[in-house]
Amino acid sequence: MRNISAFVSLIVFTFFCLACGGGETKSSSGSTPEPSPSEVFAKGADISWITELEVKGHKFYNASGEQRECTALMKELGLNAVRLRVWVNPQKHDNWCNKADMLIKAQRAKELGMDVMIDFHYSDWWADPGQQHKPAAWKNMNLTDLKKAVGEHTRDVLSALKLKGITPKWVQVGNEIRPGMLWDEDAALSGASYNIRECDVKDSGSTSTAIKYYKNTSNLAAFINVGYDAVKEVFEDAIVIVHLDNGYDNELYTWFFDELKKNGGKWDMIGMSLYPYWTRMEHPEYTAAKTITDCIANIKSVSKRYDCDVMVVETGMECADDQGNLASDSVLKEGKEQLSRIIEECRNNTDGRCKGVFYWEPECKPGQYRLGAFTDDGKPTIIMDAFKE
């Protein structure tokens, strides 16, 4: 009788699991990740500078010296995706990375069959851990109108893509928002994730430790959710990413996403920045190897804790020296080895949870940004070979 009862119980349990979708569980953010061995691992780059570089006369070439359009060259180098930032109204910055400029670059990617990630900064210019400033047109809005502006801007940009038949696979709601976004000196309006001191605001020139922008995690979650819902209204299947810097720092990610979850925040995927070079500059005790090791451990940890996938949406290796000249062959080789390891471990050592790696602006000149991956005359360095392995 005991064996028969066990057999019957097994049948009942199996039927229940099948009826419930095989025991499938949704993540804390509402997504249902189903890692698939056949899923294409994203190998991408943020190449948002390309139109500006072209206007300035910069050209790009493959290793054989044949001229190429930059997006096409990225595909030739083994990439299958691009990431494009969007600013609200960068009129003071020659309108680069506004909606119209982004559409030009997205169209090129579409025609090449490459996947597209859209990165909303919700600012008129750069947004990162040192600056999360509101667009000028949004500064005097009340909270209701501010949330409405976030939604309208998100829908407007994505609807423009849809009209051109371009479907982004991923959409970032904010860029490196460790300190939150849409800062305000009024706590009732601010979206900061912690109190921001005057001395911590980029380019402020201040040494004051007085609070400049006030913490309001409830607002931050609301801003993220408005953006999330707007994305889903236009592209139901787009994967919405919440992106932080310092991918090696598990304590940071646990704190941030616990707070976001506590406030009802929504996301489908966690985006990380991973920069061994910048980490060593800020924390001399870290080696590049330790930074990568800790990031892989963090990917495993947060993907399990929040039951969601992860993406390294920004990385970059040292490509220039202190004078802005191309780095030595040994430094470039070391960078290639680091990138190879990041791609290999993200793909094969994260239990299927890391879905891709994006390089940040590899096409730039060494004197323009230290962590690019091209020569001054527009040719890929050895760093880019990591994408073909």
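Cut-offs used in this document
Residues numbered from 1 in each chain as written. Predicted model: local features only at pLDDT ≥ 70, side-chain atom pairs only at ≥ 80, totals over all residues. Heavy atoms only, no water. Helix = DSSP H or I, 4+ residues; strand = E, 2+ residues; numbered from the N terminus. Expected span 1.5 Å × (residues − 1). Buried < 20%, exposed > 50% of the residue type's maximum accessible area, 1.4 Å probe, protein only. Contact = heavy atoms within 4.5 Å. Polar contact = N/O pair within 3.5 Å; in protein donor to acceptor, adjacent residues only side chain to side chain. Pairing = 2+ DSSP bridges. Axes fitted to C-alpha atoms, helices over the stretch in contact; angles between N-to-C directions.

A. Just helix α5 (residues 143-163), in detail. Look at α5: 30 Å from first C-alpha to last across 21 residues, which is about the 30 Å you get at 1.5 Å a residue. Taken as a whole, α5 has its buried residues at L146, A149, V150, G151, H153, T154, V157, L158, A160 and L161. Where α5 is buried, its residues meet β4 (81-86), α4 (99-111), β5 (115-120), β6 (170-173) and α6 (217-234). Its side-chain oxygen placed 3.2 Å from the backbone nitrogen of T144, N142 serves as the N-cap of α5. Downstream of α5 by a residue or two, G165 has a phi angle that is positive, lying close to 75°.

B. Expanded view of the sheet that holds strand β9 (residues 239-244). The parallel closed barrel is built from 8 strands, whose spatial order is β1-β4-β5-β6-β9-β10-β11-β12. Direction aside, neighbouring strands of the sheet carry axes that sit 25° apart on average. When β5 meets β6, the two strands line up parallel, connected through 4 bridges. Bridging from a neighbouring strand, F120 pairs with V173 of β6.

C. View of unusual backbone geometry. Of note in this structure, Y122 is not a glycine but carries a positive phi near 50°. The topology assignment puts Y122 in the loop between β5 and α5. A relative accessible area of 1% means that Y122 is categorised as buried.

D. A look at the side chain of T291. Of note, T291 is situated in helix α9 (residues 288-306). Under the relative-accessibility criterion, T291 is labelled buried at 0%. There is a polar contact of 2.9 Å between the side chain of T291 and the backbone oxygen of T287. Excluding residues within four positions of it along the chain, T291 makes contact with Y248, L274, P276, T279 and Y286.

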